[in-house]
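Single-letter residue listing:
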Amino acid sequence: DLHIHKNDIAGKAIFVCGIRRHGKTTLGARLAEQLGRYYIPMFIPDLEGDYISLADVLPRAIIAGHPSVDQQYAEYDFVPLDSTRAAFQLGYDILEVGCQVLLDMGSYVALDQAVAIQVNIIRGMFHWANEHPIGRVPAYVYLDEAQRFLPQNLNDSVIKNKELVQVLLDAYMDIIAIGGKRGINPVVLTQRFA
């Protein structure tokens, strides 16, 4: 029976923490579904395929992923991303056009490649926000299973390339520290506060 007015949540940082199998991802998807119906731009990196079904309900949904899976998503708006340059442009377009991007990270052979794409989409969003100080709107960038990607001890990250772990951390630290001033807000879902 909980009803939160969109103005009380849109444009705010969202942090969800809970033990495994208690609905964090389900809550994250529900938030995306509810906020998305107001055409709020968002970027949702999805490693396990938990969010891809949102493409059926988000009004401006785009699925992005490795070009090899284009036939898998033939019935959707699909953007093939095989370079960090293309990822940067998609990030820019998220705010330029107001789209809601679901990144199929599992479509990449190596997780490190998917994370590099993820980081450059975020960089593209920041680039757009910096170029357009007037006209910014609330947007969301997700990080589900944050404890796997950016654990308290970064050496325990599932990302193999430790320099890339730092780059990902820097991207999300920017979202948390200065993103709100640019309309870019985090949705972080994790099993551990640290």
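Located above this text is the structure these notes cover.
A brief structural summary. (Residues numbered from 1 in each chain as written. Predicted model: local features only at pLDDT ≥ 70, side-chain atom pairs only at ≥ 80, totals over all residues. Heavy atoms only, no water.)

Applying the stated criterion across every chain, the model contains 2 salt bridges. With its nearest N and O atoms 3.3 Å apart, the salt bridge here joins E33 to R30. One end of the pair, E33, and the other, R30, are both in helix α2 (residues 24-36), 3 residues apart, so they sit about a helical turn from each other. The class of E33 is partly exposed, set by a relative accessible area of 30%. R148 is the salt-bridge partner of E48, the closest N and O atoms lying 3.3 Å from each other. Linking E48 in the loop between β2 (42-46) and β3 (61-65) with R148 in helix α5 (residues 146-149), this pair joins segments that are 100 residues apart in sequence. For R148, a relative accessible area of 29% corresponds to the partly exposed category. (Salt bridge = Lys/Arg side-chain N within 4 Å of Asp/Glu carboxyl O. Helix = DSSP H or I, 4+ residues; strand = E, 2+ residues; numbered from the N terminus. Buried < 20%, exposed > 50% of the residue type's maximum accessible area, 1.4 Å probe, protein only.)

What the largest pocket holds in volume is close to 440 Å³. Around the largest pocket, the lining comprises 13 residues; the ones closest to its centre are L2, H3, I4, L31 and Q34. Of all the elements in the fold, those that place two or more residues in the lining of the largest pocket are α1 (6-9) and α2. The greatest single-element share of the lining of the largest pocket, amounting to 5 residues, is contributed by α2. (1 Å grid on protein atoms, 1.4 Å probe; cavity = no way out; pocket = protein on both sides within 12 Å on 5 of 7 lines; lining within 4 Å. Points joined across faces, edges and corners; volume = space filled by probe spheres on them.)

Once that is clear, we can look at the nonpolar core. Counting 40 residues, the largest nonpolar core has F43, L81, L103 and I121 as the members making the most contacts within it. Sorting the residues of this core by element identifies β3, α3 (84-98), β5 (100-104), α4 (111-131), β6 (139-143), α5, α6 (162-177) and β7 (184-190) as the ones contributing at least two each. The biggest single contributor to this core is α4, with 11 residues. Among the nonpolar cores identified, the runner-up in size contains 25 residues, and M42, A55, Y142 and L189 belong to it. (Core = buried A, V, L, I, M, F, W, Y, C linked by side-chain atoms within 4.5 Å.)

A few words on the sheet that holds β5. Pairing is parallel across the open sheet formed by 7 strands, whose spatial order is β1-β7-β6-β2-β5-β3-β4. Either end of the sheet is taken by a strand with one partner, and the two such strands are β1 (14-17) and β4 (78-80). Averaged over all neighbouring strand pairs, the angle between strand axes comes to 20 degrees, with direction disregarded. Of the strand pairs in this sheet, β6 and β7 are connected by 5 bridges, and their pairing is parallel. Counterpart to L143 in the pairing with β7 is V188. Set on the sheet, α3 makes contact with β2, β3, β4, β5, β6 and β7; between it and β5 the angle comes to about 155 degrees. (Pairing = 2+ DSSP bridges. Axes fitted to C-alpha atoms, helices over the stretch in contact; angles between N-to-C directions. Contact = heavy atoms within 4.5 Å.)

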